[in-house]
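A closer look at the structure
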2 protein chains.
Amino acid sequence: MKNAVLLLSGGLDSATCGAIARQEGFTLYALTVDYGQRHHFELEAARRLARALAVREHRIVTVDLAQFGGSALTGEIDVPKDRAGHEIEAEIPVTYVPARNTVLLALALAYAETLGAADVFLGVNAVDYSGYPDCRPQFIEAFAGLANLATKAGVEGRAKYTIHAPLVQLTKAEIIRRGLALGVDYSLTHTCYDPDPTGKPCGRCDACTLRRKGFAEAGARDPLEG
Amino acid sequence: MKNAVLLLSGGLDSATCGAIARQEGFTLYALTVDYGQRHHFELEAARRLARALAVREHRIVTVDLAQFGGSALTGEIDVPKDRAGHEIEAEIPVTYVPARNTVLLALALAYAETLGAADVFLGVNAVDYSGYPDCRPQFIEAFAGLANLATKAGVEGRAKYTIHAPLVQLTKAEIIRRGLALGVDYSLTHTCYDPDPTGKPCGRCDACTLRRKGFAEAGARDPLEG
């Protein structure tokens, strides 16, 4: 059994990514980064998923990216609503968090190096990906190259880092079908950018729109829908 | 005047790096990362230096790398003492913090992108560099490449990121001479890995040894020495 760090946000993608990593035989060490999101329902979902995935350890690291501002996800800009799929894909949206995946992967690398793990799983997706630059395959490949230059384990040849992004070329519907086949319980996940105070999804932000479209195309029922 | 993010640790190198950035005409936004160092004298030095450098803004971001363990600088391993220069350079020491500079640069990139800045200054040094892999020029270059793939500003062509590491090929003595010529007040800096409870340097850790050697070779007096 090889060890791997799983970046676990609490969303549908990272839940599916974790199930794929388990199926591939990895022992999982989950890392959730609290970067100052608007709400904490994602963190609660991450805790539930860590238990469901039977991870060996779950670390939650707090880093206040919100203090830099610049994103609807960390509070100072309104979350856009009621946009169709083609609008969502047309530009990089205000829910982009500056350099988020670079920060997440840097922290995952620090964790992996101390564990002696050379594998990191990240549930990014470049098809229905909301236009984030740091979800693209060329970004993921560049980070793996950096990791081997950046670390004692890389330089001493004890680790050759691999950043696994098994969802990167899948549509949301394909991700959901794959996850359902692996037994992922999507009732444990949280997707909405702007839930009500009880955690109920708004149903109108880009994340809700892409999730609904994904379940519809997969011909499946979303357990979070009533 | 162009804006730049300065990674400011509170040490001799970042103080000198900041003075060089100012001389080059940048308006500075200082970023200090509290990553769970053993002591807080570095943070206090960073605050003093931020004032001395007349930075526009000084942000302190806390991220608990210490919870991952694996380094003498974050607490669980003893700091080595009384090693000669050639011993210090022979291997990557236990004071290495896993993936530290990757995490620091990722946070600097997040800050830079929200500021609309494309320049980041980092006082790393590959000559008297204590053998850290993430202080080497090839690491710095790889990170700049990553930054342009990782960000909205990079992808949209609004920013071409440059990671400035003006000390990377200088000896400690050359750094000190350069800083003294620019008027850096080294009494404001903190270098020691293992100070006493009042902040007084131990004089025996690798950082103290390299600092003393540097001042001696520069033919200058260290204001922190009695």
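Being a predicted model, the structure only gives us computed values, none of them experimental. (Residues numbered from 1 in each chain as written. Chains lettered and ligands numbered in written order. Predicted model: local features only at pLDDT ≥ 70, side-chain atom pairs only at ≥ 80, totals over all residues.)

With respect to the overall build of chain A
- Along its length, chain A carries 8 helices and 5 strands.
- When the elements of chain A are put in sequence order from the N terminus, they spell out β-α-β-α-β-α-α-β-α-α-β-α-α.
- Here chain A holds 226 residues, and 55% of them are scored as buried.
- Look at the contacts in chain A between residues 6 or more apart in sequence, and 72% of them connect residues 24 or more apart. (Helix = DSSP H or I, 4+ residues; strand = E, 2+ residues; numbered from the N terminus. Buried ≥ 20, exposed ≤ 12 C-beta atoms within 10 Å, placed from the backbone. Contact = placed C-beta atoms within 7 Å.)

Thoughts on the pairing of strand β1 (residues 2–7) of chain B
Residues and elements named next belong to chain B.
- Relative to strand β2 (residues 26–34), β1 is paired through 6 bridges, and the arrangement is parallel. Note on β2: the bridge partner recorded for lysine 2 is phenylalanine 26.
- Note that the unit made of β1, helix α1 (residues 12–23) and β2 has a crossover that is right-handed.
- Where β1 meets strand β4 (residues 119–121), 3 bridges bridge the pair, whose relative direction is parallel. Residue pairing for β4: valine 5 is matched across the bridge by valine 120. (Pairing = 2+ DSSP bridges. Right-handed = clockwise from strand over helix to strand, strands pointing away.)

Structural notes on the sheet that holds strand β1 (residues 2–7) of chain A
Residue and element names in this part refer to chain A.
- Reading across the sheet, the 5 strands line up as β3-β2-β1-β4-β5 and stay open at both edges, with parallel pairing between neighbours. Two strands close off the open sheet at either side, each with one partner strand: β3 (57–62) and β5 (162–164). Between one strand axis and the next, the sheet turns through 25 degrees on average, direction left out of account.
- With 3 bridges joining them, strand β4 (residues 119–121) and β5 adopt parallel strand pairing. Note that in β5 the partner of valine 120 across the bridge is isoleucine 163.
- Lying on the sheet, helix α2 (residues 41–52) is in contact with β2 (26–34) and β3; it crosses β2 at an angle near 170 degrees. (Axes fitted to C-alpha atoms, helices over the stretch in contact; angles between N-to-C directions.)

Let's talk about the interface of chain A and chain B
- Facing the 38 residues of chain A at the interface are 38 residues of chain B.
- Elements that contribute at least two residues to the side of chain A that touches chain B include exactly β3, α4 (100–115), α5 (137–150) and α6 (152–155) of chain A.
- No other element matches α4 of chain A, which puts 10 residues into the side of chain A that touches chain B.
- Residue composition of the side of chain A that touches chain B, grouped by class: 22 nonpolar, 11 polar and 5 charged. (Nonpolar A, V, L, I, M, F, W, Y, C, P; charged D, E, K, R; others polar.)

Topic: the sheet that holds β2 of chain B
Residues and elements named next belong to chain B.
- In spatial order, the strands read β3-β2-β1-β4-β5; together these 5 strands make up an open sheet with parallel pairing. For this open sheet the edge positions go to β3 (57–62) and β5 (162–164), each flanked by a neighbour on one side alone. Here the strands of the sheet are splayed against their neighbours by 25 degrees on average, with no regard to which way each runs.
- Lying on the sheet, helix α2 (residues 41–52) is in contact with β2 and β3; it crosses β2 at an angle near 170 degrees.

Some thoughts on the relation of the copies chain A and chain B
- Turning chain A through 180 degrees and shifting it by 0.0 Å along the axis lays it on chain B, with an RMSD of 0.0 Å. A rotation of that kind, with that shift, is consistent with a two-fold axis. Taking the C-alpha atom as reference, chain A places valine 63 of chain A closest to the rotation axis, 2.5 Å from it. (Least-squares fit on C-alpha atoms with pLDDT ≥ 70 in both.)

Here we look at unusual backbone geometry
- We note that alanine 99 of chain A has phi near 55 degrees; this positive angle belongs to a residue other than glycine.
- Take alanine 99 of chain A: it is sitting in the loop between α3 (85–90) and α4.

Some remarks on the packing of helix α1 (residues 12–23) of chain A against helix α7 (residues 172–181) of chain A
Residues and elements named next belong to chain A.
- Packing of α1 against α7 leaves a shortest axis separation of 9 Å and a crossing angle of 45 degrees. As far as their axial angle goes, α7 and α1 are oblique. As α1 runs across α7, the sense of the crossing is left-handed. Contact residues: α1 offers Leu12, Asp13, Ala15, Thr16 and Ala19, while α7 offers Ile175, Arg178 and Gly179. (Parallel < 35°, antiparallel > 145°, perpendicular 65-115°, else oblique. Left-handed = near helix turned anticlockwise from the far one by under 90°.)

Brief notes about the nonpolar core
- One finds Leu6 and Leu31 of chain A together with Leu6 and Leu31 of chain B to be the most contacted residues of the largest nonpolar core, which totals 135 residues.
- Once you skip the residues sitting within four places of it in the chain, leucine 31 of chain A turns out to touch Val5, Leu6, Leu7, Leu8, Arg59, Val61, Leu107, Ala108 and Tyr111 of chain A. (Core = buried A, V, L, I, M, F, W, Y, C linked by C-beta atoms within 7 Å.)

A word on helix α4 (residues 100–115) of chain B
All names here are of chain B.
- The terminal C-alpha atoms of α4 lie 23 Å apart, and with 16 residues this matches the ideal 22 Å at 1.5 Å per residue to within 8%.
- Of all the 16 residues making up α4, 16 are buried; the element is thus mostly covered by neighbouring parts of the structure.
- Glycine 116 occupies a position one or two residues after α4 and carries a positive phi of about 75 degrees. (Expected span 1.5 Å × (residues − 1).)

Some points on the environment of alanine 99 of chain A
- Look at alanine 99 of chain A and you get buried, because 31 C-beta atoms sit within 10 Å.
- As for alanine 99 of chain A and glycine 154 of chain A, which are separated by 55 residues in sequence, their C-alpha atoms are 23 Å apart.
- Among residues more than four places away in sequence, those in contact with alanine 99 of chain A are Ala106, Leu109, Ala110, Glu113, Ala150 and Thr151 of chain B.

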